[in-house]
Amino acid sequence: MVDLTSSAVGDLQLRNITKRFADFVAVDDLTLTIPKGSFFALLGPSGCGKTTTLRMIAGLEEPTSGSIHIGDTDITHTKPYQRPVNTVFQNYALFPHLTIFENVAFGLRRRGMKDVDEAVTKVLALVELGHLKDRKPGQLSGGQQQRIAVARAIVNRPALLLLDEPLGALDLKLRRQMQIELKWIQTEVGITFVHVTHDQEEAMTMADTIAVMNKGKIEQMGSPVELYENPKTVFVANFLGQSNLIEATVQTNSGAETSVDIHGSRILLPSSRNTSSKSKVLVGVRPEKINIQTEGSSAGKNSLSGGVVTDISFVGVSTQYQVEMPWKQEIMVFEQNDGGAPNIRKGDQVTLSWEPHFTFALDSES
Amino acid sequence: MAIAHVSPGTSTHVNPERTGRRIPYLLMLPGLLWLFIFFIYPLINLAETSTKTRAASQETGAFIQTYRFANYLDAFIEYQDQFLRSFTYAFMATLLALVISYPLAYAIAFKSGRYKNILLILVIAPFFTSFLLRTIAWKQILGAEGPVVSALRALHLIGPDTTITASSFAVVMGLTYNFLPFMTLPIYASLDRIDPRLMEASGDLYANGLTTFRKVTVPLSMPGVVAGTLLTFIPAAGDYINAAILGNPTTKMIGNVIDSRFFRIVDYPTAAALSFTLMAAILFLVIIYIRRSGTDELV
């Protein structure tokens, strides 16, 4: 439809990037390849180094060591205005003294393009805001400013578009809508998007690949499904969605199935999903994978009994139960409200069960 | 309205909405009263004086109202050189102050780091001494035995008999110096308000440092530049202290003429007519300036 195909020259590579501020290491020996044309998310809590990484790619910070490449070109020491990279800033950073049209045309004009009309009109049509071209940014709503910020960046057809918490300032409903829109724009223009966020839902909705960052390092990288179903560290298991992590001792560790002991109950899991080699592990299972039944009912293969329901909250699509186990640990269970939900009340004795293949095991340290 | 309930209403029958609407006027009252007593009333008085003529008795200070508007024309024709000189000096001082202040304000706003507050205090520090004393000090600095003249002589840039004081150069220097903070502070305030991310965004959009300065920083600092130039130009055009202390009889500004007409020659109508002409001229120039700089679109 709209020809804004990127003049992209290849994958983005970060090689052994370290960034030190005084005595604080923001990014620690980070190596990362972001394939051309992908929608990549850097996900992590504040202070994990994701924004610093983004700023280094944009050229707003210089790495202490390591190098940054786009295709075969080393851009580590290239000035920001000489990089084929554009950024959608956190609060959009639209120029308040320029019209929407001039904001979008800014990058084109700086590169000496004489006739910017066609390109600007096209990109404004893409974000469906052509009718606002003579307004000033202050006269636009947050969602509209956000789209202009995207338009101002992609009109330059960069090899790489960086998005720094682009939806942080929007309300929930608008954020959902913009997630879908951004994803659509990315597919439409085919530019590599690198998206920084602390919102796991945002990352999972939009990105093909997510890198979860913590303390300046990448904890785990993969597709949203992979990260959700197969977290490799405790941090990832807790940061993406909710996880129940229970201390366990490995009993047998041979063949396709691993058997562990949780306070006297035998729990099975596929050996391929045990990322630990130690005997003490953390066994994980997602709350929505667990079935909750009144004590004594027939259970699945993996089951834990003796739990007491301490809290129930109805959240529309599901009901969330908080169950206290005999060893005083709280376990979360989500039941779909599809008519088959059991009639369980606060204080009831329950048995929790789930299929072995939904179980994973992690190293208890880290 | 929450504010209405806070108002110290003695009557319980006060309509809260009406009280709320009255509050802005109450807040403005002291200022308006002050302005009326010390500005509007003298202004009316001055207007009245400006069309008077000398009483038949020829007694000093005795004037009668004759509605002689030709006073204005006479005064203007007689003192047009001083008018022109006032605006030229004020313009030169404003330009110089802008050239000095902009880099200074820029450095304080963006490059001073933890010294920001100290530098701002230094900008304001001259106000701790009186305007008059500072101008007299400049007489010393630029005087024949002063450091400036000595240095220039040592460098053979001026001859051994050349002096700097009692010249138009000294008057413009004095005006520039005295009004410098009025230029620096508004420019600093508008530069300091600029979101640094706008400059990053400009760099991200292929603008180098100089282009970013021209296309982003300067336009966004225009409100400060306009405020600063007005705050410098207006008082400088009406100033008479600098010309009196640092100038000579050929550097008289219109303020000096008004001063001498009022207090030495005791020709109140001419002084009043000159005052009004000066006000009108400044107002006219300021309106053109604001229109042309188009600052109302900013902010």
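The rules behind these values
- Residues numbered from 1 in each chain as written.
- Chains lettered and ligands numbered in written order.
- Predicted model: local features only at pLDDT ≥ 70, side-chain atom pairs only at ≥ 80, totals over all residues.
- Heavy atoms only, no water.
- Helix = DSSP H or I, 4+ residues; strand = E, 2+ residues; numbered from the N terminus.
- Rg over C-alpha atoms; globule rule 2.2 N^0.38 Å.
- Buried < 20%, exposed > 50% of the residue type's maximum accessible area, 1.4 Å probe, protein only.
- Contact = heavy atoms within 4.5 Å.
- Areas by Shrake-Rupley, 256 points an atom, 1.4 Å probe, with all protein chains shown as cover.
- Lys, Arg positive; Asp, Glu negative; His and termini not counted.
- Charge placed at Lys NZ, Arg CZ, Asp CG, Glu CD.
- Core = buried A, V, L, I, M, F, W, Y, C linked by side-chain atoms within 4.5 Å.
- Pairing = 2+ DSSP bridges.
- Axes fitted to C-alpha atoms, helices over the stretch in contact; angles between N-to-C directions.
- Domains from an automatic or database assignment.
- 1 Å grid on protein atoms, 1.4 Å probe; cavity = no way out; pocket = protein on both sides within 12 Å on 5 of 7 lines; lining within 4 Å.
- Points joined across faces, edges and corners; volume = space filled by probe spheres on them.
- Nonpolar A, V, L, I, M, F, W, Y, C, P; charged D, E, K, R; others polar.
- Salt bridge = Lys/Arg side-chain N within 4 Å of Asp/Glu carboxyl O.
- Polar contact = N/O pair within 3.5 Å; in protein donor to acceptor, adjacent residues only side chain to side chain.
- Buried area = accessible area lost by both parts, 1.4 Å probe.
- pLDDT = per-residue confidence, 0-100.
- Parallel < 35°, antiparallel > 145°, perpendicular 65-115°, else oblique.

### Regarding the overall build of chain B
Now for step 1: Tallying secondary structure elements over chain B gives 13 helices and two strands in all.
Now for step 2: Relative to the compact-globule value of 19 Å for 299 residues, chain B shows a C-alpha radius of gyration of 25 Å, a clear excess of over 25%.
Now for step 3: Residues counted as buried form 40% of the 299 residues belonging to chain B.
Now for step 4: Long-range contacts, defined as pairs at least 24 residues apart, comprise 67% of the intrachain contacts of chain B with a sequence gap of at least 6.
Now for step 5: Carbon and sulfur atoms make up 68% of the accessible area of chain B, which amounts to about 17400 Å² in all.
Now for step 6: Of the charged side chains in chain B, 22 are positive and 17 negative, and the gap between their average positions amounts to 3 Å.

### Some words on the nonpolar core
Soluble globular proteins tend to bury their nonpolar side chains together.
Now for step 1: I154(A) and F193(A) are the most contacted members of the largest nonpolar core, which totals 47 residues.
Now for step 2: Looking at this core, the element that brings in the most residues is helix α4 (residues 142–154) of chain A, giving six residues.
Now for step 3: Within the second largest apolar cluster, 39 residues are counted, among which are I158(B), I164(B), A236(B) and F262(B).

### Quick word on the sheet that holds strand β7 (residues 160–164) of chain A
All names here are of chain A.
Now for step 1: Within the open sheet, the six strands sit side by side as β6-β7-β8-β3-β9-β10. Their pairing is mixed. Strands at the two margins of the open sheet, each flanked by one partner only, are β6 (85–88) and β10 (217–222). Taken pair by pair, the neighbouring strands of this sheet meet at an average axis angle of 20°, ignoring direction.
Now for step 2: One ladder, built from four bridges, connects strand β3 (residues 39–43) with strand β9 (residues 209–214); its direction is parallel. Within the sheet, the bridge partner assigned to L43 lies in β9 and is V212.
Now for step 3: Together, β6, β7 and β8 (192–197) form the strand contacts of α4, whose direction differs from that of β6 by roughly 175°.

### Quick look at the domain arrangement of chain B
Now for step 1: With domains assigned, chain B is organised as domain 1 (1–39) and domain 2 (72–297).
Now for step 2: Put simply, the middle of domain 1 of chain B and the middle of domain 2 of chain B, counted by C-alpha atoms, are 39 Å apart.

### Details of the layout of surface pockets
Residue and element names in this part refer to chain B.
Now for step 1: Here the second largest pocket defines a volume of roughly 350 Å³.
Now for step 2: Every residue lining the second largest pocket is counted, 15 residues in all, and those nearest its centre are F91, T94, T229, F233 and Y289.
Now for step 3: Secondary-structure elements contributing two or more residues to the lining of the second largest pocket are α4 (80–111), α10 (209–238) and α13 (268–293).
Now for step 4: With six residues, α4 is the largest single contributor of residues to the lining of the second largest pocket.
Now for step 5: Counted by class, the lining of the second largest pocket contains eleven nonpolar, three polar and one charged residues.

### A closer look at the side chain of E335(A)
Residues and elements named next belong to chain A.
Now for step 1: Structurally, the position occupied by E335 is in strand β18 (residues 330–336).
Now for step 2: Despite its burial, E335 pairs with no opposite charge; the closest candidate is K289, at 13 Å N-O.
Now for step 3: Among the polar contacts made by the side chain of E335, one reaches the main-chain amide nitrogen of I292 at a distance of 2.9 Å.
Now for step 4: Aside from chain neighbours lying at most four places away, what touches E335 is I290, N291, I292, V317, S318, T319 and Y321.

### Thoughts on the sheet that holds strand β15 (residues 291–294) of chain A
Within a sheet, neighbouring strands are paired by backbone hydrogen bonds and run either parallel or antiparallel to one another.
Residue and element names in this part refer to chain A.
Now for step 1: Strand order in the open sheet made by the five strands is β15-β19-β16-β17-β18, with antiparallel pairing throughout. Since the sheet does not close on itself, it has two edges, and those belong to β15 and β18, each with one partner. In this sheet, adjacent strand axes meet at a mean angle of 45° when their direction is disregarded.
Now for step 2: Two elements, β15 and strand β19 (residues 349–354), share four bridges in a ladder whose sense is antiparallel. The partner of T294 across the bridge, within β19, is V350.

### Quick word on the domain arrangement of chain A
Residue and element names in this part refer to chain A.
Now for step 1: On domain assignment, one finds that chain A holds domain 1 (12–234) and domain 2 (242–363).
Now for step 2: Each of domain 1 and domain 2 was reduced to a C-alpha centroid, and the two centroids are 39 Å apart.
Now for step 3: If you look at the interface, domain 1 gives eight residues, while domain 2 gives ten residues.
Now for step 4: In total, domain 1 and domain 2 occlude about 750 Å² of area from one another, counting both sides; carbon and sulfur atoms represent 50% of this.
Now for step 5: By the criterion of area lost to domain 2, the three top residues of domain 1 are Y228, P231 and V234, representing 61% of everything that side buries.

### Remarks on empty space enclosed by the protein
All names here are of chain A.
Now for step 1: Under the criterion given, the structure shown has one cavity of 30 Å³ or more.
Now for step 2: The wall of the largest cavity is formed by G10, D11, L12, I34, P35, K36, I70, A159, L160 and T192.
Now for step 3: A breakdown of the residues in the lining of the largest cavity according to their chemical character gives six nonpolar, two polar and two charged.

### Section: the side chain of T76(A)
Residues and elements named next belong to chain A.
Now for step 1: Looking at where T76 falls in the secondary structure, it is placed in the loop between β5 (73–74) and β6.
Now for step 2: Side-chain polar atoms of T76 contact the side chain of D74, separated by 2.4 Å.
Now for step 3: In this structure, T76 is in contact with E62, P63, G66, S67, I68 and R83, ignoring residues within four places of it in sequence.

### Looking at the interface of chain A and chain B
Now for step 1: Of the residues lining the interface, 25 residues belong to chain A; the matching set on chain B comes to 19 residues.
Now for step 2: Roughly 1900 Å² is buried in total at the junction of chain A and chain B, and carbon and sulfur atoms are behind 63% of that figure.
Now for step 3: For the chain A face of the interface with chain B, the top three residues by lost area are Y81(A), H97(A) and R110(A), together amounting to 32%.
Now for step 4: Our enumeration of links across chain A and chain B arrives at one salt bridge.

### Some details on unusual backbone geometry
Now for step 1: Despite not being glycine, Y92(A) shows a phi value in the positive range, around 75°.
Now for step 2: With a phi angle near 70°, Y206(B) is a residue other than glycine that sits in the positive phi range.

### Considering the confidence of the model for chain B
Residue and element names in this part refer to chain B.
Now for step 1: Summing up the model confidence of chain B, the mean pLDDT is 87 and the portion of residues at 70 or higher is 92%.
Now for step 2: Per-element mean pLDDT across chain B ranges from 41 in helix α1 (residues 2–6) up to 95 in α4.
Now for step 3: Scored below 50 in pLDDT, residues 1–11 makes five contacts in the model with residues more than four places away or belonging to other chains.
Now for step 4: Two numbers describe this predicted complex: its pTM, 0.79, and its ipTM, 0.79.

### Section: the packing of helix α6 (residues 131–142) of chain B against helix α7 (residues 147–154) of chain B
Each packed pair of helices is defined by two parameters, the angle between the axes and the distance between the axes.
All names here are of chain B.
Now for step 1: Running from N to C, α6 and α7 cross one another at 25°; their axes reach a closest spacing of 5 Å. Considering their axes alone, α6 and α7 lie roughly parallel with respect to each other. Counting all contacts with α6, which are made through Q140, I141 and L142, the residues of α7 involved are P147, V148 and V149.
Now for step 2: For the contact of α6 with α7, a count of residues per class yields five nonpolar, one polar and no charged.

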